[in-house]
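Each chain is listed here by its residues.
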Amino acid sequence: MSTFALAACSQQPTQPAGPSPVGTGAPVIVPGSPGAPARTATPGERVGPTPSPTVAADVRFAEGMIPHHRQALEMTSMVEARTTTASIRAFARQISAAQTPEIKAMTAWLAELGRSAPAGHQHEQGEASYGMASYGMATEAELNALRAARGGAFDRLFLQLMIRHHEGAVKMAGEELAGGRDQRMRLMAKDVYSGQSIEIARMREVLKSLPA
């Protein structure tokens, strides 16, 4: 897979990124493996963790998840005016609180690579070519039905669409964890995978409790 390099900065950073070379100062002790003795690093040796490269799967994840999150936020924005159900309102607040900063973080990460975030809800841009139906995105007809619904009808449709939407996000996060290498995107994927899996289970329970 392709590696995406960050654009060079106009000024050199005061602290180099990644592992630091050993100089002529105090000796640097490198721990050994369990049961093995420590050793002294040799001059010029780089110690510390080596940063993981950014690969196409990482970019695909960010460029796909941003519009996916945007649609979830559009759906949650409908809640206040259409239902008074406390659990539905609570889900909307939780989703908005989690996904708004994630969009900002992924947009900033893409900017570091010199790439712009996809516009709107589109899943087709560059490395990101996620199929809408494959990842739980609502169609325009489904969004219009949600906009028109009120009360109990809204609650049921909101949960049905959001559960499917979350399942798509979990699928995307799983693909990033399987193929991505960038530490920040992998951490983001872990958060999405765990957080949205929990929300799916909770939404399913509320959906079961709604009047038929």
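Residues numbered from 1 in each chain as written. Predicted model: local features only at pLDDT ≥ 70, side-chain atom pairs only at ≥ 80, totals over all residues. Heavy atoms only, no water.

## Quick notes on the nonpolar core
Phase 1: Core analysis: the biggest nonpolar cluster contains 24 residues, and M75, I88, L146, F154, F158, L159 and M162 have the highest contact counts within it.
Phase 2: Breaking this core down by element, the ones donating at least two residues are α1 (56-77), α3 (86-112), α4 (140-148), α5 (151-179) and α6 (183-209).
Phase 3: The element best represented in this core is α5, accounting for seven residues.
Phase 4: Residues contacting I88, with those up to four places away along its chain left out, are V79, T83, F154, D155, F158, L159 and V206.
Phase 5: Counting residues in hydrophobic clusters, the runner-up holds 19 residues, among them F61, W109, Y135 and A189. (Core = buried A, V, L, I, M, F, W, Y, C linked by side-chain atoms within 4.5 Å. Buried < 20%, exposed > 50% of the residue type's maximum accessible area, 1.4 Å probe, protein only. Helix = DSSP H or I, 4+ residues; strand = E, 2+ residues; numbered from the N terminus. Contact = heavy atoms within 4.5 Å.)

## Examining the environment of L207
Phase 1: By secondary structure assignment, the location of L207 is in helix α6.
Phase 2: The exposure class assigned to L207 is buried, which follows from its relative accessible area of 18%.
Phase 3: Counting along the chain gives 51 residues from L207 to R156, while the straight-line C-alpha distance between them is 6.5 Å.
Phase 4: Those residues in contact with L207 that lie beyond four places of it in its chain are R156, L159, Q160 and I163.

## Description of the confidence of the model for the chain
Phase 1: Per-residue confidence for the chain gives a mean pLDDT of 82, with 69% of residues at or over 70.
Phase 2: The lowest-confidence element of the chain is strand β5 (residues 124-125), averaging 42 in pLDDT; the highest-confidence one is helix α2 (residues 79-82), averaging 98.
Phase 3: Contacts of residues 1-24 to residues separated by more than four positions or lying in other chains number 40 contacts, the stretch itself having pLDDT below 50.
Phase 4: Per-residue pLDDT stays below 50 along residues 123-129; that stretch engages in 26 contacts with residues further than four places along the chain or on separate chains. (pLDDT = per-residue confidence, 0-100.)

## Quick word on the packing of aromatic side chains
Phase 1: Within the structure shown, the criterion is met by one aromatic pair.
Phase 2: Judged by centre distance (5.8 Å) and plane angle (20°), the rings of F154 and F158 are stacked. Linking F154 with F158, this pair stays in helix α5, spanning four residues, or about one helical turn. For the pair F154 and F158, a shared accessibility class is recorded, and that class is buried.
Phase 3: The aromatic ring of Y135 is capped on one face by K171, whose charged end is 4.7 Å from the ring centroid. (Phe/Tyr/Trp six-rings, centres within 6.5 Å; stacked < 30°, edge-to-face > 60°. Lys NZ or Arg CZ within 6 Å of the ring centre and 35° of its normal.)

## As for the pattern of salt bridges
Phase 1: As enumerated under the stated definition, the model contains seven salt bridges in all.
Phase 2: Residues E74 and R147 are paired through a salt bridge, measuring 2.5 Å at the closest nitrogen-oxygen approach. Here E74, found in helix α1, pairs with R147, found in helix α4; they are 73 residues apart in sequence, far enough to count as distant.
Phase 3: In this structure, R147 and E140 form a salt bridge, with 3.1 Å as the shortest nitrogen-oxygen distance.
Phase 4: Taking the relative accessible area as the measure of exposure, R147 reaches 25% and is therefore partly exposed.
Phase 5: Among the residues examined, E140 registers a relative accessible area of 48% and is labelled partly exposed.
Phase 6: If you follow the salt bridges from partner to partner, you end up with E74, E140 and R147 in one network. (Salt bridge = Lys/Arg side-chain N within 4 Å of Asp/Glu carboxyl O.)

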